[in-house]
Amino acid sequence: MNENPAQAKPFTVLTDLSAVPEHLRGGVVAIGNFDGVHRGHRAVLDLTLQEAKKQGVPALAMTFEPHPRTFFKPDAPVFRLTPAHAKAEILQAAGLDGVIQIPFNKDFAGMSAESFVEDILVDKLGITQSITGYDFHFGRQRKGTPKFLKAAGKANDFHVTIVGAEKDEGQDVISSSRIRTALADGDIALANGLLGYRFFVEATVQHGEKRGRDLGYPTANLKLADNCILKYGIYAVRVMVDGKLQDGVASFGSRPTFDNGAPLLEVHLFNFSGDLYDKELQVFILGFIRSELKFDSVEALIAQMDQDSAESRAIIASVQPLSDLDRAL
């Protein structure tokens, strides 16, 4: 991530509610899954920041790990737009003081809505205000509705604000599921537009077959989540390497010209020389160039890679920040 004013503030990732630091008590807390921290979520987060500043108290987000859908259906885990560490990075860049990551386990899943309010919001966190989206439910059998939360806030002396649906320019509701569908379709422009920043992945560079080097396109090979739904194809990318952004082009897929193997994200950096093995890279997906193809010859593949690189450079040259958050990331 780039340096920005929000990062100058101390940021706390709290996973143990038995030891809540005193400076985080009494805050305004945004509650939700916030997968993707998209524009709809940021309507909740922006209000949280405003209210916290007005009251002179901490601005916090509360999320749940793993994603509740994954807990209830472990055989079909939901693809995470932002795993816990990436979500924390975005929340920090957005200006919050911290994130509370609640372990979503059997005990928590069985907790009543009343206990969630009394034990967590009141006793452990001492919140002054909760802010949630219109569709947030909590507690055993999802009995914690917005109406329930408002009544609980009144009874326990904290304010409750429910934020309505945030819509895009076409008046469609912004949601994590829409963004996942856009990524699966290769519609990066739509996905990034709904996020309000460039979708990114983070992974460690692995040793590969080194075919790219032989083709004149050395690549850094990254294994993404097994359930990654990103469309197989070629992408314009920017990559954070040791704190510096590098331009490049990337292929995500199974390499049908060679082995149809396990999917990898193979990243070629345009003006870089050096050893990337075992480095953690942050890859920002700027645009979709084409679908993955099988070529009849290595020469045909190289010719297409030359075209892909030229198109990637053109996309990168036209990129403008989507928001202040996009600038901060």
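Residues numbered from 1 in each chain as written. Predicted model: local features only at pLDDT ≥ 70, side-chain atom pairs only at ≥ 80, totals over all residues. Heavy atoms only, no water.

Asks: I would appreciate a short explanation of the overall build of the protein in the present structure.
Replies: Scanning the protein from N- to C-terminus turns up eleven helices and twelve strands. Over its C-alpha trace the protein gives a radius of gyration of 22 Å, about what one expects of a compact globule, namely 20 Å for 329 residues. Oriented by its inertia axes, the alpha-carbon framework of the protein measures out at about 70 × 40 × 40 Å. Relative to all contacts within the protein whose residues are 6 or more apart in sequence, the contacts with residues 24 or more apart total 74%. Carbon together with sulfur atoms contributes 50% to the accessible area of the protein, which is approximately 15600 Å² in total. Counting 35 positive and 42 negative side-chain charges, the protein places the averaged centre of each group 4 Å from the other. (Helix = DSSP H or I, 4+ residues; strand = E, 2+ residues; numbered from the N terminus. Rg over C-alpha atoms; globule rule 2.2 N^0.38 Å. Contact = heavy atoms within 4.5 Å. Areas by Shrake-Rupley, 256 points an atom, 1.4 Å probe, with all protein chains shown as cover. Lys, Arg positive; Asp, Glu negative; His and termini not counted. Charge placed at Lys NZ, Arg CZ, Asp CG, Glu CD.)

Asks: I would appreciate a short explanation of the sheet that holds strand S8 (residues 220-222) in the present structure.
Replies: Strand pairing in a sheet is mediated by backbone hydrogen bonds. Such pairs are either parallel or antiparallel. Taken in spatial order, the six strands line up as S7-S8-S11-S10-S9-S12 and close into a barrel, and their pairing is antiparallel. Taking each pair of neighbouring strands and ignoring which way they run, the sheet shows an average axis angle of 40 degrees. Pairing of strand S7 (residues 200-206) with strand S12 (residues 280-291) involves five bridges; the strand directions are antiparallel. Paired with Thr204 across the bridge in S12 is Glu280. Lying on the sheet, helix H3 (residues 84-93) is in contact with S7 and S12; it crosses S7 at an angle near 130 degrees. (Pairing = 2+ DSSP bridges. Axes fitted to C-alpha atoms, helices over the stretch in contact; angles between N-to-C directions.)

Asks: I tried to follow the packing of aromatic side chains on my own but got confused; where do I start?
Replies: A ring pair, where both rings are aromatic, is described by two values, the distance of the centres and the angle of the planes. Per the counting criterion, the structure on display carries 15 aromatic pairs. Note on Phe71 and Phe104: the rings are 5.3 Å apart at their centroids and 65 degrees apart in plane angle, and the pair reads as edge-to-face. Within this pair, whereas Phe71 is found in helix H2 (residues 68-72), its partner Phe104 is found in the loop between strand S4 (98-103) and helix H4 (106-109), the two being separated by 33 residues in sequence. Owing to a relative accessible area of 27%, Phe71 belongs among the partly exposed residues under this scheme. A relative accessible area of 11% places Phe104 in the buried class. Taking the centre distance of 5.3 Å and the plane angle of 70 degrees together, the rings of Tyr235 and Phe288 count as edge-to-face. In this pair, Tyr235 sits in strand S9 (residues 233-241) while Phe288 sits in strand S12, placing the two residues 53 residues apart along the sequence. Members of the aromatic cluster, joined through ring pairs, are Phe64, Phe71, Phe72, Phe104, Phe108, Phe116, Phe136, Phe138 and Phe148. The side chain of Arg313 reaches across the aromatic face of Phe270, ending 4.0 Å from its centre. (Phe/Tyr/Trp six-rings, centres within 6.5 Å; stacked < 30°, edge-to-face > 60°. Buried < 20%, exposed > 50% of the residue type's maximum accessible area, 1.4 Å probe, protein only. Lys NZ or Arg CZ within 6 Å of the ring centre and 35° of its normal.)

Asks: How should a negative patch on the surface be read in this particular structure?
Replies: On the surface, Glu114, Glu118, Asp119 and Asp123 cluster together into a patch of negative charge. Position of Asp119 relative to the elements: it lies in helix H5 (residues 113-124). Owing to a relative accessible area of 30%, Asp119 belongs among the partly exposed residues under this scheme. (Patch = residues over 30% accessible without salt bridge, like charges linked within 9 Å, V, L, I, M, F, W, Y side chains within 5 Å. Salt bridge = Lys/Arg side-chain N within 4 Å of Asp/Glu carboxyl O.)

Asks: In this structure, what is going on with the sheet that holds strand S5 (residues 129-133)? I would like to understand it.
Replies: Here we have six strands laid out as an open sheet, ordered S1-S4-S3-S2-S5-S6, and parallel in their pairing. If you trace the sheet from one side to the other, it starts and ends with strand S1 (12-14) and strand S6 (159-163), each paired once. Taking each pair of neighbouring strands and ignoring which way they run, the sheet shows an average axis angle of 20 degrees. Against the sheet, helix H6 (residues 146-156) contacts S5 and S6, and its axis sits at roughly 160 degrees relative to S6.

Asks: Looking at this structure, I do not really get helix H7 (residues 176-185). What am I missing?
Replies: For the α-helix, the turn length of 3.6 residues means that residues three or four positions removed from each other point alike. Looking at H7, one finds that the buried residues are Ser176, Ile179, Arg180, Ala182 and Leu183. Buried residues along H7 cover an arc of 160 degrees about the axis, so they all sit on one side. In the segment just after H7, Gly186 is the residue with positive phi, at about 75 degrees. (Arc of directions from axis to C-beta.)

Asks: Would you take a moment to explain the pattern of salt bridges for this structure?
Replies: Counted by the stated rule, this structure contains 13 salt bridges. Between Lys54 and Glu51 there is a salt bridge; the shortest N-O distance is 3.2 Å. Note that Lys54 and Glu51 are positioned in helix H1 (residues 39-55) at a spacing of three residues, about one turn of the helix. With a closest N to O distance of 2.8 Å, Arg290 and Asp308 form a salt bridge. Of this pair, Arg290 sits in strand S12 while Asp308 is found in helix H10 (residues 298-317), placing the two residues 18 residues apart along the sequence. One salt-bridge network, in which partners are shared between bridges, spans Asp35, Glu65, Arg80, Lys87 and Arg180.

Treat this as a map of the structure, not an account of what it does.
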